[in-house]
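These are the residues of each chain, in order.
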Amino acid sequence: MNIVIVGSGYVGLVSGTCFSEMGNKVSCVDIDSLKIEKLNNGSIPIFEPGLEAMVLKNIKNKNLFFTTELSEAIEDAEIVFIAVGTPMGNDGSADLQYVLAVAKSIGQTMKNRMVIVDKSTVPIGTADKVKATIQKELDQRGVEIKFDVVSNPEFLKEGAAISDFMKPDRVVIGSDSKYATNLMKELYHPFCMSYDRFITMDVRSAEMTKYAANAMLATKISFMNEIANICERVGADANQVRIGIGSDSRIGYSFIYPGAGYGGSCFPKDVKALKKIAEEHGYKANLISSVEDVNNAQKLVIAQKVVKRFGEDLTGLTFALWGLAFKPGTDDMREAPSIYIVKELTKRGARIQAYDPKAIEEAKEYYLKDVKNIIYVNSKYDALKNTDALILLTEWKEFRSPDFSEIKKELKAPIIFDGRNQYNVFNLHTKGFEYYQIGK
């Protein structure tokens, strides 16, 4: 098939690359000419395991193309995906200006029947707005061209996006057109051959499914963090509680690890947007609001433990920080707990020596660029040198089994604050560490 992906960010680039891997001709369109130039030269703007090799392979095989010219790209397109950003507005709602701008451009330039797919995470009812925007442009041109608008929400996990796309748990299609449904089923057939993962529903239900899925996962995280905070106060061990409840098949072990809170591009934005959607329709989403409140507070729990141990004034103290990204396997720092913890500690006079395998440039250039009392180092052990304690915030694999004798040697005092409950508390205590974790 001839596929166009408008928006070459995280979702658009991964989706377009994976579609091209199955032999489709895919054109990725973006208004950022510098990004397109870099992509055409094989430079990938994001870190995602396996993505770079797949992009380069399909550029070489002439299955994958990058351009700034939407009108040329859609000339022979059968399906056009809208995968541009929907940034969060000041009121928590999703900003649709970029989605509707793409819809307008499609209406101004399309020549043949096509299926337009909302791939971006968008509020319920967006497909109707996209359809109306395109139709308005066609009417102004005085032409009649058939088109369909469907919803196809993405469920990609950063750090595992290629695997998620190539072997999806489900493919959700919201459509009121048999033609569009059949075309989408044909497109996704190579990804769903082993068993039927293709789920069809009405458009609004598909749009809601994305929000509901992310809100459910965020709820599990906040629930377990709430339990962990209660465990600390009553003398229970949240990790043992996690094992006890996770063994129940109705609950399971996914997303019930106590930690420093969720971050990233999806959960925080989608929880806020769902709360706003409910408000706009006269409903107060109390549970969703509580999920957000618990998470906002959780991001500061590790900082509070540091302050409790060392005092309000941290002047003269230096802390090693392992992990800046909001999760392992990505360089994404959007809404990462590290941002809040670094700022909370440095405003009290602390200095930070930080290491992350992938996110240091993101921290330097964007998220922590205004923080003065932080330096970045090239290895986890370099971060420890002459510091007063270690703070672990991202569970990268290289942090899972470190040399504790080396940690002890480099730290001024053997103190660890573990924001991901990574280590065995008994072993660390027997090795002479002060060990602070969440939920115990």
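Use the structure listed above.
Model, not experiment: these values are computed from the prediction. (Residues numbered from 1 in each chain as written. Predicted model: local features only at pLDDT ≥ 70, side-chain atom pairs only at ≥ 80, totals over all residues. Heavy atoms only, no water.)

Draft legend 1. Local environment of the overall build of the chain. Helix and strand counts for the chain come out as 18 helices and 14 strands. Computed over the C-alpha atoms, the radius of gyration of the chain is 24 Å, within 12% of the 22 Å expected from 2.2 N^0.38 for a compact globule of 440 residues. Seen through its principal axes, the chain has C-alpha atoms that stretch 75 × 45 × 45 Å. Pairs at least 24 residues apart make up 73% of the contacts formed inside the chain by residues separated by at least 6 positions. Accessible surface, the chain as shown: approximately 20000 Å² in total, 50% of it carbon and sulfur. Treating the 56 positive side-chain charges of the chain as one cloud and the 57 negative ones as another, the clouds have centres 3 Å apart. (Helix = DSSP H or I, 4+ residues; strand = E, 2+ residues; numbered from the N terminus. Rg over C-alpha atoms; globule rule 2.2 N^0.38 Å. Contact = heavy atoms within 4.5 Å. Areas by Shrake-Rupley, 256 points an atom, 1.4 Å probe, with all protein chains shown as cover. Lys, Arg positive; Asp, Glu negative; His and termini not counted. Charge placed at Lys NZ, Arg CZ, Asp CG, Glu CD.)

Draft legend 2. Representation of the pattern of salt bridges within the structure. The final tally for this structure, using the stated rule, is 24 salt bridges. In this structure, Asp164 engages Lys157 in a salt bridge whose closest nitrogen and oxygen atoms are separated by 2.9 Å. Given the relative accessible area of 14%, Asp164 is considered buried. Owing to a relative accessible area of 38%, Lys157 belongs among the partly exposed residues under this scheme. In this structure, a network of salt bridges that share partners links the residues Glu312, Glu344, Lys347 and Arg348. (Salt bridge = Lys/Arg side-chain N within 4 Å of Asp/Glu carboxyl O. Buried < 20%, exposed > 50% of the residue type's maximum accessible area, 1.4 Å probe, protein only.)

Draft legend 3. A negative patch on the surface, seen in detail. On the surface, a cluster of negative charge is made up of Glu69, Glu72, Glu75 and Asp76. One can find Glu69 in the loop between strand 3 (64–67) and helix 4 (70–73). (Patch = residues over 30% accessible without salt bridge, like charges linked within 9 Å, V, L, I, M, F, W, Y side chains within 5 Å.)

Draft legend 4. Local environment of the environment of Ala260. Inspection of the secondary structure assignment puts Ala260 in the loop between helix 10 (238–246) and helix 11 (267–280). The spatial distance from the C-alpha of Ala260 to the C-alpha of Ala297 is 9.1 Å, given a sequence separation of 37 residues. Aside from chain neighbours lying at most four places away, what touches Ala260 is Gln298, Lys299, Pro337, Leu393, Gly419, Arg420 and Ile438.

Draft legend 5. Structural view of unusual backbone geometry. Despite not being glycine, Phe255 has its phi angle at roughly 65°, a positive value. Structurally, Phe255 can be placed in the loop between helix 10 and helix 11. A relative accessible area of 31% means that Phe255 is categorised as partly exposed. Of note in the backbone geometry, Asn386 takes a positive phi value of approximately 60° without being a glycine. Classification of Asn386 as exposed rests on a relative accessible area of 58%.

Draft legend 6. Quick look at the sheet that holds strand 10 (residues 351–355). If you walk across this open sheet you meet the six strands as 11-10-9-12-13-14, and the pairing is parallel. The strands lining the two open edges of the sheet, one partner per strand, are strand 11 (374–376) and strand 14 (434–437). Put simply, the sheet's adjacent strands are angled 20° from each other on average, direction ignored. Direction of pairing for strand 10 relative to strand 11: parallel, over a ladder of three bridges. Across the sheet, residue Gln353 finds its bridge partner in strand 11, namely Ile375. (Pairing = 2+ DSSP bridges. Axes fitted to C-alpha atoms, helices over the stretch in contact; angles between N-to-C directions.)

Draft legend 7. A look at the pairing of strand 13 (residues 415–418). Alternating residues of strand 13 divide into Ile415 and Phe417 and Ile416 and Asp418, and every residue in both groups is buried. Direction of pairing for strand 12 (residues 389–392) relative to strand 13: parallel, over a ladder of three bridges. In the sheet register, Leu392 faces strand 13, and the bridge partner there is Asp418. In this fold, the crossover linking strand 12 to strand 13 by way of helix 17 (residues 404–410) has right-handed handedness. (Right-handed = clockwise from strand over helix to strand, strands pointing away.)

Draft legend 8. Local environment of the packing of helix 9 (residues 203–234) against helix 12 (residues 286–298). Look at helix 9 against helix 12: their axes get within 9 Å of each other, and the N-to-C directions meet at 55°. Between helix 9 and helix 12, the angle falls in the class oblique. Crossing angle aside, the handedness with which helix 9 passes helix 12 is left-handed. Between helix 9 and helix 12, the residues in contact are Ala215, Ala218, Thr219, Ser222, Asn225, Glu226 and Asn229 and Ile288, Val291, Val294, Asn295 and Gln298, respectively. Among the residues making up the contact of helix 9 with helix 12, the classes are represented as five nonpolar, six polar and one charged. (Parallel < 35°, antiparallel > 145°, perpendicular 65-115°, else oblique. Left-handed = near helix turned anticlockwise from the far one by under 90°. Nonpolar A, V, L, I, M, F, W, Y, C, P; charged D, E, K, R; others polar.)

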